[in-house]
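Commentary on secondary and tertiary structure
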Amino acid sequence: MLNPYSLQMDFNFTDFEKKWQKYWLENKVFASKADTSRPKFYCLDMFPYPSGSGLHVGHPEGYTATDIICRYKRAKGFNVLHPMGWDAFGLPAEQYAIQTGTQPAITTENNCNNFRRQIQSLGLSYDWDREINTTDPAYFKWTQWIFIRLYNTWFDKDLQKGRPINELPIPAEIEKKGKEAVKEYIEKNRLAYYDNAQVWWCNNCKTVCANEEVLNDGSHEKCGTKEVERRFLKQWMLRIPHYAERLIDGLEGLDWGEGVKDMQRNWIGKSTGAEVDFKVDGIDKKLRVYTTRPDTLFGATYMVIAPEHKLVNEIVTADQKSKVEEYIKSAALKSDLDRTELAKEKTGVFTGKYAINPITGNLIPIWVADYVLMGYGTGAIMAVPAHDTRDFEFAKEFDIPVTCILDPEAADNELREKILAGEACWTDDGAYINSENPDLGLNINGMSKADGIKTVIDWLKENNLGEATINYKIRDWLFSRQRYWGEPFPIIHWEDGEVSAVEDENLPVELPKTDKYHPSNSGESPLANVTEWLEVVDENGRKGRRETNTMPQWAGSCWYYLRYIDPKNDEEPFSKVKENYWMPVDLYVGGAEHAVLHLLYSRFWHKVLFDLGIVSTDEPYQKLYNQGMILAFAYETAAGSKVPSDLVDEIDGKYIHTQTGEELKQIVAKMSKSLKNVVNPDDVTSEYGADSLRLYEMFMGPLDQTKPWTDTGVKGVFNFLKRVYYFFAEPNNIVEGEENKDTLKLLHQTIKKVGEDIEDMKFNTAISQMMIFTNHCYKVKHVTRETAETFAKVLAPYAPHIAEELWEMYGNEPAICQEAWPEVNESYLVENTFDYPVSFNGKMRFKLELSVDLSKDEIEKAATSNENATKWLEGKQIVKIIVVPKKIINIVVR
RNA sequence: GCCCGAGUGGCGGAAUUGGUAGACGCGCUGGAUUCAAAAUCCAGUUCUGGCAACGGAGUGCGGGUUCGAUUCCCGCCUCGGGUACCA
């Protein structure tokens, strides 16, 4: 029947893949229009940074997944929006320019062209008419436009809403102080503001970076070096903390993984507690602290203020002054990195002064220590050493009393004794002890934790000593960079000190051409060198300078999903009608590395735009899915050093170093040039075809899992596609007439399973179902044309090229990608019998095929009377028989 | 330290309102085809005892609930990701 020899020559995937890619592109098959007669589906991929090294195999993973979903959704009658573009501002192009003198715009264009070619060679169904590029002035004109909106917005805390700056009420006492004060007040309320800020500066990149970009090992996320330090510079900042509550609340209704939501919540870092005033003994000053446990006030035996705290100088006594000053100096010299790296050892100096614990009346010493950070809470704490690990370490180091106020009932006796004696620290819950002051009428002994907290806060409030407060870890977002290759700010600094935004009609502020890309060490951007661009004069002859900083790479990606909706609009960022139709994004797929930064930033921008009535949804991305990373096998010696893959031989399942003969361990690691295990999608496509690459990446395992690449795995799916082609392209296998019942049943099971799996994003099991169907076809040797065509439709989202080719071979036109998804005929799936597993005491012993119509009694009888059962019943008593229809028969014997 | 996620054959992985553990693929073994090889097709493949029929064990470890547990509960271990003097 089969004649593989001749067909083998015909499986020319290169030719037909090119043919169909050209067809899809030229006929704009995947162009989408707003069309209210059909349900919409907006499916977004995280757009790539077009690097010089081209596409990585990780890119096609997410892209193929969304492509399958989009092709399936189209077949199900949805109006699908599936765009692609380039996040093309960024450091590498600029560094390349510094090294070679090539304009970043040129490098970027080349890289985009290469990325586009590579992506198109995978047969992904993007609407290329909507392609965008963040470096295109026609695009960043609107990035600048949105920045101006941020600049002209203030946050109304009562309404929890951003509002136009001209609606900002000016308090009477500010108004009284005059024009300057009013101006200052307005500046203080803008969501985007320009101020001296202590910022991270990367000496390698010669630019500032956001808090979020400095990793916890002290390295810069963008360049990987540890050349980051603290500096004071005038910078643009965005008040993202104002939206903290909204950013937390908004997560509630989103179809995102709990993991990502948790990461965002942790990043925002909301904590509820109270601020409490402590009188400083001997002087008329109050020290305000923030605590999450006001109920432990009875156990506060000392206080700590941060070295940068304003009150330090006023508090310190004469004889402690020199010591304290020395300590502050050394703390300032330490970078934050040192401060955290040396975290374990507590340092500090006594100020010489005492505070009065408002609840016990005790005098407690005030210390300066760098384990308290100025940037969080009030920059001062009350220390409860008995129930806080850090405070306990500090108290032990400096011999400060420890008062236990929580009886650790859960601890064992020995530990409990130690804790009660103040010799150990207990941070879990316990019963209040020593928490009573009859003079003040305050007693929380015997209360629950919640009541204790409430009682103390109420008391503090009544006595005007404090109040409940909420704190967030998230800080203002540092939004300017001292680089050339980024969006210029639409801002002018005038000689009289005024700062103003460029008028909308004068946008975009384009990037001037220059040869000097070198940032200066002084913190000034290369744009400061381009005089003719830099200097401006207004109609009154007033001179001004343009802002020379540029926006960070995050800017362009904060709103690109909105521009895809209406990418060629010159009049506005997007048409409101179209935005209203397409938003929100129904599915957003990309790497987990953006779980906080990009997603938090763009949600923030989106919420501001929503408050201003520019977009119609409160959240941009309804469903988010993070794909797992694709890794590769690598090899290491017993000592743990890595060995490049080309120096490794596999012999009898063992991995041997070709030079030393040492046996190596196979590990899984990120692909890297040094390990020589990088897989280039172009190589895979030319050797096995785009369909194989797509199918393999989907077959590797669940989309969200990290998994290693194997070449033999690619061969496996390639083999499957060849089997599909050899069978379904062979005219002798395709017959007319009635289809075999088993084939029909399996076919419809396959339609059902593949469809459901796509909806659940379980692509790997859908492929295995198609393999099962193909294996079946080889067994039965013939299928009808209708079956073959239906199978092609099921295969089409996964392996669109081969599906189109088969479709055309069967004489159909125009394209299978425009065909409807086949209907499942449930009547083919009905089973008349079920092959029951019969188990004894839960262990399966034999199978028994029975009609599904049998009653439980009949099933019991059939099972116990079966000849296979005698052996298991011999000498035993039947205690019980469990029959679960169409599941199992379990006989309990004794 | 804290917060997530995950541990199943030689390998990637299936199966969860509790019901046949190992689908599908890789690898390996054998066979067909071939002068031969490649390619292709067919069969076998958790470990273990046995020629076999047929047994025993088995989803990170230790317990528990149940007629029945990869799935539920309790206590651990290991790995991956995030985060950290945040009071």
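Here the structure is a predicted model, which is why all the values come from computation and not from measurement.

1. Remarks on the sheet that holds strand E9 (residues 228-238)
Taken in spatial order, the four strands make up an open sheet running E8-E7-E9-E21, and their pairing is antiparallel. For this open sheet the edge positions go to strand E8 (207-209) and strand E21 (477-478), each flanked by a neighbour on one side alone. The pairing of strand E7 (residues 192-202) with E9 spans 11 bridges and is classified as antiparallel. Within E9, the position partnered with Trp200 by the bridge is Arg230.

2. Quick look at the domain arrangement of chain A
Assigned domains of chain A: these are domain 1 (1-30 + 680-829), domain 2 (271-471), domain 3 (630-669) and domain 4 (831-893). On a C-alpha basis, the centres of domain 1 and domain 2 stand 67 Å from each other.

3. Quick notes on the packing of aromatic side chains
Enumeration over the complete set of coordinates arrives at 59 aromatic pairs. Seen in terms of ring centroids, Phe350 and Trp367 are 5.7 Å apart; in terms of plane orientation they differ by 40°. Their pairing is tilted. One end of the pair, Phe350, is in strand E13 (residues 349-356); the other, Trp367, is in strand E14 (residues 363-368), with 17 residues separating them in the sequence. In this structure, Phe350 and Trp367 share a single accessibility class: buried. The ring centre of Trp24 lies 4.6 Å from the NZ or CZ of Arg71, which sits over that ring. The ring of Tyr778 has Arg723 lying over it, and the distance from NZ or CZ to the ring centre is 4.2 Å.

4. Here's the deal with the environment of Asn740
Residue position: Asn740 is located in the loop between strand E34 (734-735) and helix H25 (741-759). We classify Asn740 as partly exposed; its relative accessible area is 33%. From its side chain, Asn740 meets the backbone nitrogen of Asp742 in a polar contact 2.7 Å long.

5. Quick notes on the pattern of salt bridges
Where charged atoms from two side chains of opposite charge approach closely, those side chains can pair. Across all of its chains, the model carries 47 salt bridges by this definition. A salt bridge links Lys285 to Glu314, with the nearest nitrogen and oxygen atoms 3.0 Å apart. With a gap of 29 residues between them, Lys285 in the loop between strand E10 (271-280) and strand E11 (286-291) and Glu314 in helix H11 (residues 312-315) connect regions that are remote in the sequence. Looking at Lys285, the relative accessible area reads 32%, which means it is partly exposed. A salt bridge links Glu619 to Arg603; the shortest N-O distance between them is 2.8 Å.

6. A closer look at helix H5 (residues 104-120)
Look at H5: 24 Å from first C-alpha to last across 17 residues, which is about the 24 Å you get at 1.5 Å a residue. For H5, the complete set of buried residues consists of Pro104, Thr107, Thr108, Asn111, Cys112, Phe115, Gln118 and Ile119. Across the axial projection of H5, the buried residues extend over an arc of 130°, all falling on one side. Where the residues of H5 are buried, they touch helix H3 (58-75), strand E3 (85-86), helix H4 (91-100), strand E4 (132-133) and helix H22 (681-688).

Definitions and cut-offs
Residues numbered from 1 in each chain as written. Chains lettered and ligands numbered in written order. Predicted model: local features only at pLDDT ≥ 70, side-chain atom pairs only at ≥ 80, totals over all residues. Heavy atoms only, no water. Pairing = 2+ DSSP bridges. Helix = DSSP H or I, 4+ residues; strand = E, 2+ residues; numbered from the N terminus. Domains from an automatic or database assignment. Phe/Tyr/Trp six-rings, centres within 6.5 Å; stacked < 30°, edge-to-face > 60°. Buried < 20%, exposed > 50% of the residue type's maximum accessible area, 1.4 Å probe, protein only. Lys NZ or Arg CZ within 6 Å of the ring centre and 35° of its normal. Polar contact = N/O pair within 3.5 Å; in protein donor to acceptor, adjacent residues only side chain to side chain. Salt bridge = Lys/Arg side-chain N within 4 Å of Asp/Glu carboxyl O. Expected span 1.5 Å × (residues − 1). Arc of directions from axis to C-beta. Contact = heavy atoms within 4.5 Å.

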